[in-house]
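# Observations on the model geometry
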Amino acid sequence: MKRRDFLFSTLAGSVASAQQAPKRLIVHADDAGMCHYANVATWEAMEKGLVSSASVMLPCPWVQEFCKWARENPGYDLGVHLTLTSEWQHFRWRPVASIDTVKGLIDKEGYMWRDVRSSATNATPAEIETELRAQIERARLYGLQFTHLDTHMGTLFARPDYFEVYTKLAKEYGVPCMLPRPTAVAEAELKGYPITMDMLRAKESAGYKMLDRLVTGVPGRTYAERRVSYRKLLESLTPGVTKLIIHLAKDDAEIRAISNSWEYRWADYQFWTSSEAKELLDQHNIELYTYRKLAS
């Protein structure tokens, strides 16, 4: 074979391989357990088969309801949404651990801090580890067969020592944690956090399971706006494992009173339970994926 023909054949084979590489998408619903209609929206979306993964907030008031559903419907891909903030105006929660062991996590009102910065400037790594262990053990107590760990509002990426606690616990409990592969895209997603690409490379070298891409949100508030964003995302999805974080709720008086983000949560539920979403996944040859598969 002539050199030119050999190079052309090799290039064509490489292009074909890239085209055949699977596009895998973890459609991940955060905040299960937060309130009743977040729970209903999450399990309905998972039962319909388009939301492939979710994670549960153990300090929240409605967590036992969601864990009961999980026990009665085993096999779903569910994680522990490690929670160190309580952000809503009137709907609040406290740590799972004994208050006297995690005083740095408590604001003057007696609840978790409302924002990441306050948590990160007041709680020690030892307090963080105490609380995270308490949440994970509560998940086990409630019979949640969790497949992964992740972090509410990104708090565990707010300090390198918090990040080390987070990854240590994932290894100890034998499950993946949410970690993007060290790429330029990941660097952009983590802009503003002190987690460096060298830190991620160290975790990758240590054998941690990594996401090829992490999408923490899309533009838009209304259904129409978010529908456009999700169409663009699915059309542009690249090979590898992408995690898309969504937030789900039904539209009712409870979620409207709790959260100023109710509209986009309702929009996410509508899109990810729609026939259009299913058709787009099929059209673009996107495989719904889970942390259970990532770990295997």
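Everything discussed here concerns the structure shown above.
## Thoughts on the nonpolar core
- If you look at the biggest cluster of nonpolar residues, it comprises 85 residues, and the most contacted ones within it are Leu149, Tyr166 and Trp272.
- Ranked by the residues each element gives to this core, the list is headed by helix H6 (residues 160-173), at seven residues.
- In this structure, Met34, Cys60, Trp88 and Trp262 belong to the second largest nonpolar core, which totals 13 residues.

## Focus on the layout of surface pockets
- The volume enclosed by the largest pocket comes to roughly 440 Å³.
- Lining the largest pocket are 22 residues, and of these Asp30, His152, Met153, Gly154 and His247 lie nearest its centre.
- Counting only elements with at least two residues in the lining of the largest pocket, the list comes to strand E1 (23-32), strand E4 (148-151), strand E6 (240-247) and helix H11 (262-272).
- Per-class residue counts for the lining of the largest pocket are nine nonpolar, seven polar and six charged.

## Examining helix H12 (residues 275-283)
- Inspection of H12 places Glu276, Ala277, Leu280 and Leu281 among the buried residues, and these make up the whole buried set. Taken end-on, H12 shows its buried residues confined to a sector of 135°, consistent with a single buried face. Seen from the buried face of H12, the exposed residues on the opposite side, beyond 90 degrees, are Ser275, Glu279 and Gln283.
- As for H12, its buried residues are in contact with E1, helix H9 (223-236), H11 and strand E7 (286-288).

## Quick word on the packing of aromatic side chains
- This model, assessed by the stated rule, comprises 14 aromatic pairs.
- A centroid spacing of 5.8 Å and a plane angle of 65° characterise the contact between Phe157 and Tyr166, whose relative ring orientation is edge-to-face.
- Ring centres of Tyr230 and Phe271 lie 5.2 Å apart, and the angle between their planes is 25°; this geometry places the pair in the stacked category. Within this pair, whereas Tyr230 is found in helix H9, its partner Phe271 is found in helix H11, the two being separated by 41 residues in sequence. This pair shows no difference in class: Tyr230 is buried, exactly as Phe271 is.
- Grouped by ring-pair contacts, the aromatic residues Trp43, Phe66, Trp69 and Tyr76 constitute a single cluster.
- Above the face of the Tyr111 ring, Arg94 is positioned so that its terminal group lies 4.2 Å from the ring centre.

## A short note on empty space enclosed by the protein
- For the structure shown, the criterion picks out one cavity of 30 Å³ or more.
- Considering only enclosed or pocket space, the largest cavity measures out at about 30 Å³ in volume.
- In terms of lining residues, the largest cavity is bounded by Pro180, Arg181, Thr183, Val185, Ala186, Glu189, Asp212, Arg213 and Leu214.
- Secondary-structure elements contributing two or more residues to the lining of the largest cavity are helix H7 (184-189) and strand E5 (213-215).
- Split into classes, the residues belonging to the lining of the largest cavity amount to four nonpolar, one polar and four charged.

## Points about unusual backbone geometry
- Notably, Asp31 is not glycine yet its phi reads approximately 75°, a positive angle.
- Note that Asp31 resides in strand E1.

## Considering the pairing of strand E3 (residues 78-82)
- Burial within E3 is extensive, with five of its five residues counted as buried.
- Where strand E2 (residues 53-56) and E3 come together, three bridges link them in parallel fashion. Bridging across to E3, Ala54 finds its partner in Leu78.
- Where the polypeptide runs from E2 across helix H3 (residues 63-72) and back to E3, its parallel neighbour, the crossover connection is right-handed.
- Here E3 pairs with E4 via four bridges, running parallel.

How each quantity is defined
Residues numbered from 1 in each chain as written. Predicted model: local features only at pLDDT ≥ 70, side-chain atom pairs only at ≥ 80, totals over all residues. Heavy atoms only, no water. Core = buried A, V, L, I, M, F, W, Y, C linked by side-chain atoms within 4.5 Å. Buried < 20%, exposed > 50% of the residue type's maximum accessible area, 1.4 Å probe, protein only. Helix = DSSP H or I, 4+ residues; strand = E, 2+ residues; numbered from the N terminus. 1 Å grid on protein atoms, 1.4 Å probe; cavity = no way out; pocket = protein on both sides within 12 Å on 5 of 7 lines; lining within 4 Å. Points joined across faces, edges and corners; volume = space filled by probe spheres on them. Nonpolar A, V, L, I, M, F, W, Y, C, P; charged D, E, K, R; others polar. Arc of directions from axis to C-beta. Contact = heavy atoms within 4.5 Å. Phe/Tyr/Trp six-rings, centres within 6.5 Å; stacked < 30°, edge-to-face > 60°. Lys NZ or Arg CZ within 6 Å of the ring centre and 35° of its normal. Pairing = 2+ DSSP bridges. Right-handed = clockwise from strand over helix to strand, strands pointing away.

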